Amino acid sequence: MNIGVIFAGGVGKRMNSRVKPKQFINVYGKPIIIHTLEVFEYQEEIDAIVVACLES
């Protein structure tokens, strides 16, 4: 079993995002984290995905 692990715990400090962490900023109509999840989701080799992110 192959598990994709996505670490999305950053706060976006280098992107000067004071409103929300960068992984939740919309790019082309979707949060960045969704773009990343979709790439993993469509890989036949990946059986499961684990996302580690900020609790808030």
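Residues numbered from 1 in each chain as written. Predicted model: local features only at pLDDT ≥ 70, side-chain atom pairs only at ≥ 80, totals over all residues. Heavy atoms only, no water.

(A) The overall build of the chain, seen in detail. Helix and strand counts for the chain come out as one helix and four strands. The buried share of the chain, taken over its 56 residues, is 14%. For the chain, the proportion of contacts with a sequence separation of at least 24, taken over those separated by at least 6, is 52%. Total accessible area computed for the chain in this model is approximately 4600 Å², and 56% of it derives from carbon and sulfur atoms. (Helix = DSSP H or I, 4+ residues; strand = E, 2+ residues; numbered from the N terminus. Buried < 20%, exposed > 50% of the residue type's maximum accessible area, 1.4 Å probe, protein only. Contact = heavy atoms within 4.5 Å. Areas by Shrake-Rupley, 256 points an atom, 1.4 Å probe, with all protein chains shown as cover.)

(B) How the structure looks around the side chain of Q23. Considering the arrangement of structural elements, one finds Q23 in the loop between strand 1 (3–8) and strand 2 (26–27). Within the structure, Q23 has its side chain in polar contact with the backbone oxygen of A8 (distance 2.4 Å). Q23 has contacts with A8, G9, G10, P31, I32 and I33, leaving out every residue within four places of it along the chain. (Polar contact = N/O pair within 3.5 Å; in protein donor to acceptor, adjacent residues only side chain to side chain.)

(C) A look at the environment of T36. Mapped onto the fold, T36 is located in helix 1 (residues 32–41). In sequence terms T36 and A8 are 28 residues apart; their C-alpha atoms lie 10.0 Å from each other.

(D) Broad picture of the confidence of the model for the chain. Overall, the predicted model of the chain reaches an average pLDDT of 86, with 86% of residues at or above 70. The secondary-structure element of the chain with the lowest mean pLDDT is strand 2, recorded at 90, while strand 3 (residues 30–31) shows the highest, at 93. (pLDDT = per-residue confidence, 0-100.)

(E) Molecular detail of the pattern of salt bridges. Going through the model one piece at a time under the given rule, you end up with one salt bridge. The salt bridge involving K30 is made with E38; its shortest N-O contact spans 2.7 Å. (Salt bridge = Lys/Arg side-chain N within 4 Å of Asp/Glu carboxyl O.)

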